[in-house]
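Coordinates in review
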Amino acid sequence: MMSESANWLPPGWIVQDRVRTSGATAGTVDKYYIERVSGRRFRSKKEVQYYLETGTLKNKKRGTENSEGDVNAAQGSGSHSNKKASKNAKRPEMKFDYLNVPDRIEWILIDAKEDAWTPFIEFKKNGTTEEVKKIVTILNEAEVPSEDVVEVVVSPPFVFLSLVKGLLRPDFQVAAQNCWVRKGGAFTGEISAEMIVNLSVPWVILGHSERRSLLNESNEFVGDKVAYALSKGLKVIACIGETLEQRESGSTLAVVAAQTKAIADKVTNWANVVLAYEPVWAIGTGKVATPAQAQEVHLELRKWLHDNVSAEVAASTRIIYGGSVNGANCKELAAKPDVDGFLVGGASLKPEFIDIIKSATVKKDD
Ligand SMILES: O=C(CO)COP(=O)(O)O
């Protein structure tokens, strides 16, 4: 078995040549294109390109995606042994606990001022109506810096958007956690940008790593979503970030640059875009990026925007950090020059959440 990479593939993909060792076709080499983060395997460049462009799998005959996630791996052979191998293939370890799905509420704190700071807090909890109301009450009662210092945006699951919007203090805003890539239509279960606008919800989060990895959203698909949401007047928090494997292989900057490029390719006006850098290995793991690691990536992203978009966009685009931010580490992270805010999950369940909001003043106090 040989591994290589192909120039046309985005970071995070590998190409494998597998030699058949038995049967009449022994010696035949099968090429597989593998997206490492999802484990999906494809048999042709055409299928990979379709997947990268649309974020979906090409229409194929039933049963041609085997239990390993190989797309069309059995195509052309249809042999009994292949079907058997497919049936017996070990399923990859699922990273997602479907039996204990966390309901999530995201709190986004965004500085309204051009030169100011932008914390983005994500709140994870069992999201029943009563619990959501409790959270909103705590927020409503909290003493936090004024709107001209910190802009707070709360992002609950879709079903609670109206409830939260109705109860939340007027100086805090609301965001949806996702929206459909294009105009609404026959896409059962999807929520269009138009619907979010119709609810007077001004923000949407797009490209969260969980959607990229669990729902196979490609860079290009996220770029399309960002552009469409912006075209409908929504403000977008666009998430990017590398996996642990990508960090360890030294490709962090290439990965976040490719993710940002896919957005830049589709977006001309960056005024309503906030970039959220979230290293996947730091989300919900308790392993926070060090302030130096966060600053390094944020600075490189700003340089990337400077060189590839414009000096003005580089200076004005807010780049916020997400991944195990808490009351203890927020001040040090917030003090870094290119960290413009946070996206916080677990810690926003606790009283320290208010401290994280308050860390918006760290740079101003200098
Ligand atoms: O997922 C996150 C933001 O979207 C971050 O979550 P944690 O703060 O729990 O790591």
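By the naming in an unreviewed UniProt entry, the protein chain is MBD domain-containing protein, taken from Hevea brasiliensis. What the UniProt record of the protein chain gives under Pathway (unreviewed entry) is the line "Carbohydrate biosynthesis." Looking at the Subcellular location (unreviewed entry) heading of the UniProt record, one finds this comment for the protein chain: "Nucleus".

Looking now at the packing of aromatic side chains. Here a ring pair, both rings aromatic, is described through the centre-centre distance and the interplanar angle of the planes. Scanning the model with the defined rule gives five aromatic pairs in all. Ring centres 6.4 Å apart and planes at 70° place the aromatic pair Trp-180 and Phe-221 in the edge-to-face group. Here Phe-221 lies in helix α7 (residues 219–231) and Trp-180 lies in the loop between β9 (172–176) and α5 (193–198), a separation of 41 residues in the sequence. The residues Trp-180 and Phe-221 share a single accessibility class, namely buried. Centre to centre, the rings of Tyr-277 and Tyr-321 are 6.2 Å apart; their planes meet at 55°, and the pair counts as tilted. In this pair, Tyr-277 sits in strand β12 (residues 273–277) while Tyr-321 sits in strand β13 (residues 318–322), placing the two residues 44 residues apart along the sequence.

With that settled, the discussion passes to the confidence of the model for the protein chain. On average, residues of the protein chain score 80 in pLDDT, and 77% of them reach the 70 mark or higher. The low-confidence segment residues 109–119 (pLDDT under 50) makes 57 contacts with residues lying over four places distant or belonging to another chain.

Quick look at the pattern of salt bridges now. Per the stated rule, a full pass over the model turns up 12 salt bridges. For Asp-171, the salt bridge identified is with Arg-169, shortest N-O distance 2.8 Å. One salt bridge connects Arg-211 with Glu-217, and the closest N-O pair in it is separated by 2.8 Å. The class of Glu-217 is buried, set by a relative accessible area of 5%. Connected through salt bridges with shared partners, the residues Arg-211, Glu-217 and Lys-225 form a single ionic network.

This part takes up the side chain of Ser-155. Within the fold, Ser-155 resides in strand β8 (residues 152–155). A distance of 2.8 Å separates a polar side-chain atom of Ser-155 from the backbone oxygen of Ala-175.

Among all positions of helix α1 (residues 45–54), only Glu-47, Val-48, Tyr-51 and Leu-52 are buried. Taken down its axis, α1 places every buried residue within 130° of arc, on the same side. Pointing more than 90 degrees away from the buried face of α1 are the exposed residues Lys-46 and Glu-53.

Here the focus is the packing of helix α9 (residues 252–264) against helix α10 (residues 291–308). Contact pair α9 / α10: the axes reach a minimum separation of 10 Å and the direction vectors enclose 40°. Here α9 is positioned oblique relative to α10, judged by the angle of their axes. As α9 runs across α10, the sense of the crossing is right-handed. Residues Thr-252, Leu-253, Val-256, Ala-257, Thr-260, Lys-261 and Ala-264 of α9 lie in contact with α10, whose contacting residues are Glu-296, Val-297, Glu-300, Leu-301, Trp-304 and Leu-305. Its residues placed into classes, the contact of α9 with α10 shows eight nonpolar, two polar and three charged.

α9 packs onto α7 with a crossing angle of 40° between their chain directions and a minimal axis gap of 7 Å. Judged by the angle between their axes, α7 and α9 are oblique. Seen from above, α7 lies across α9 with right-handed handedness. Between α7, through Asn-219, Glu-220, Gly-223 and Val-226, and α9, the contact on the second element is made entirely by Ala-258, Gln-259, Ala-262 and Ile-263.

Calculation criteria
Residues numbered from 1 in each chain as written. Predicted model: local features only at pLDDT ≥ 70, side-chain atom pairs only at ≥ 80, totals over all residues. Heavy atoms only, no water. UniProt positions renumbered as here; feature names shortened; annotations may be inferred. Phe/Tyr/Trp six-rings, centres within 6.5 Å; stacked < 30°, edge-to-face > 60°. Helix = DSSP H or I, 4+ residues; strand = E, 2+ residues; numbered from the N terminus. Buried < 20%, exposed > 50% of the residue type's maximum accessible area, 1.4 Å probe, protein only. pLDDT = per-residue confidence, 0-100. Contact = heavy atoms within 4.5 Å. Salt bridge = Lys/Arg side-chain N within 4 Å of Asp/Glu carboxyl O. Polar contact = N/O pair within 3.5 Å; in protein donor to acceptor, adjacent residues only side chain to side chain. Arc of directions from axis to C-beta. Axes fitted to C-alpha atoms, helices over the stretch in contact; angles between N-to-C directions. Parallel < 35°, antiparallel > 145°, perpendicular 65-115°, else oblique. Left-handed = near helix turned anticlockwise from the far one by under 90°. Nonpolar A, V, L, I, M, F, W, Y, C, P; charged D, E, K, R; others polar.

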